[in-house]
Amino acid sequence: MQVERLFKIVFLLMNGSCTTAKELAGHCSVSVRTIQRDLDTLSLAGIPVFSSRGYGGGVGLLKEFTMDKTFMTEQAQADILHGLEALQGAGYPDGNESFNKFAAVFRKKAEDRWLRVDFSSWCGSGFGKEKFDLLKEAILRKKVITFTYFSSENRISERVAEPLCLLFRERAWYVCVFDRKKGREMVLRASRIRDLSVTDETFERVMLEDPMTTPDYATSYELQRVVLRVAADYAFRVFDEFPEQDIHPQPDGTFLIDERMPINEWLTGYLLSFADGLEVIEPVTLQNTLKEKICLMQKKYDTQLSGS
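Engineer: So what's going on with the packing of aromatic side chains? Which residues, and what values?
Structural biologist: Across all of its chains, the model carries seven aromatic pairs by this definition. Pairing Tyr270 with Phe274 gives two aromatic rings, centres 5.5 Å apart and planes at 85 degrees, and the pair type is edge-to-face. Pair check on accessibility: Tyr270 and Phe274 agree, each one buried. The ring centre of Phe178 lies 3.4 Å from the NZ or CZ of Arg205, which sits over that ring.

Shown next as structure tokens:
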């Protein structure tokens, strides 16, 4: 369509350098004559297109021209770019392209960006572009999805759900769905979804609760008081992973952590990641669970070593 092509021409010209009608024609897959007519149309519409002859000449826009000045303040521009930067850092597949387009429209150079965001993990995740696009399509088209879900309690279940929105929380992507079997809205970690399929069935449901207000684990799990002692050598993890109000430095350099947590398989695995740098003070049941896990691990490796 001509309107889309006109906007594309403006976008191409707003990078600050001159180009030629032939190059524009190649970008837009039309003839040079069509581009020349489009440039005339832009000029009549008040877009300050100019042409220059000789070496380095071509078609360009006056440097003073910006599309934003008619409807968007500097703060509004910054807010949009910062939001796109965060989306890009969170791993949104098309975030980089969107950021670059708006940066060009607002005439912002890459080196002028004061905010840089990168939530990526060194090991990646089970949530790639293909799964992202499937969930995006299902949400926008209101299509029912089916999938296999692996919960943090080691339960594997087959789900039929109505996807309502995607959200990014604590360095991971989640999807808010209405689970038809459970009859309620749920927030599920996207990387734990397997065998995702978008069906042809549509739904009309809208989201009733804001999934960003209360983390799902606060309603899905029973939280219990857990007291931990963490060695001084693990101070970096203490500050990275626990709320400041729950950290109590001790005279010997260790840290006491007093926090309410869901006691499940995920927690025991997480605590074991501290190796000998962590001690469970309370509750006794969690102490016993960790002791059993450590004994099983020791038995497994003793068996391997004796066999070799």
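The discussion continues.
Engineer: Tell me about the side chain of Asp179, and name the residues and values.
Structural biologist: Tracing the backbone through its elements, the reader meets Asp179 in strand β5 (residues 172-179). On the accessibility criterion, Asp179 (2% relative accessible area) is buried. Looking at Asp179, its side chain comes within polar contact range of the main-chain nitrogen of Lys181, at 3.0 Å.

Engineer: Lay out the sheet that holds strand β4 (residues 156-169) in plain terms, naming residues and giving numbers.
Structural biologist: In space, the five strands of this open sheet follow the order β6-β5-β4-β3-β7, with antiparallel pairing throughout. Strands with a single pairing partner mark the edges of an open sheet, and in this sheet they are β6 (184-189) and β7 (193-202). Along the sheet, successive strands turn relative to each other by an average axial angle of 45 degrees, direction set aside. Sheet contacts for helix α6 (residues 129-141): β3 (143-150), β4, β5 and β7; angle to β7, the most-contacted strand, approximately 25 degrees.

Engineer: Could you give me a rundown of the pattern of salt bridges, with the residues and numbers involved?
Structural biologist: Tallied over the full model, the rule gives nine salt bridges. Glu162 serves as the salt-bridge partner of Arg205, at 2.6 Å between the closest nitrogen and oxygen. Here Arg205, found in the loop between β7 and α7 (217-220), pairs with Glu162, found in strand β4; they are 43 residues apart in sequence, far enough to count as distant. On the basis of relative accessible area, Arg205 is assigned to the partly exposed category, the value being 32%. Judged by its relative accessible area of 4%, Glu162 falls in the buried class. Where Asp258 meets Arg225, a salt bridge forms, and the shortest distance between an N and an O atom there is 2.7 Å. Of this pair, Asp258 sits in strand β10 (residues 255-262) while Arg225 is found in strand β8 (residues 223-230), placing the two residues 33 residues apart along the sequence. Owing to a relative accessible area of 42%, Arg225 belongs among the partly exposed residues under this scheme. One salt-bridge network, in which partners are shared between bridges, spans Glu162, Arg180, Glu201 and Arg205.

Engineer: Could you give an account of the sheet that holds strand β11 (residues 278-282), naming the residues involved and the relevant values?
Structural biologist: Strands sit in the order β9-β10-β8-β11 across an open sheet of four strands; the sheet is antiparallel. A strand with exactly one partner marks an edge of an open sheet, and here the two such strands are β9 (247-249) and β11. Neighbouring strand axes in the sheet, compared pairwise and without regard to direction, differ in orientation by 30 degrees on average. Pairing of β9 with β10 involves three bridges; the strand directions are antiparallel. Across the sheet, the residue bridging to His248 is Leu256, located in β10. Along the sheet face, helix α10 (residues 284-307) touches β8 and β11 and points at about 145 degrees away from the line of β11.

Cut-offs applied
Residues numbered from 1 in each chain as written. Predicted model: local features only at pLDDT ≥ 70, side-chain atom pairs only at ≥ 80, totals over all residues. Heavy atoms only, no water. Phe/Tyr/Trp six-rings, centres within 6.5 Å; stacked < 30°, edge-to-face > 60°. Buried < 20%, exposed > 50% of the residue type's maximum accessible area, 1.4 Å probe, protein only. Lys NZ or Arg CZ within 6 Å of the ring centre and 35° of its normal. Helix = DSSP H or I, 4+ residues; strand = E, 2+ residues; numbered from the N terminus. Polar contact = N/O pair within 3.5 Å; in protein donor to acceptor, adjacent residues only side chain to side chain. Pairing = 2+ DSSP bridges. Axes fitted to C-alpha atoms, helices over the stretch in contact; angles between N-to-C directions. Contact = heavy atoms within 4.5 Å. Salt bridge = Lys/Arg side-chain N within 4 Å of Asp/Glu carboxyl O.

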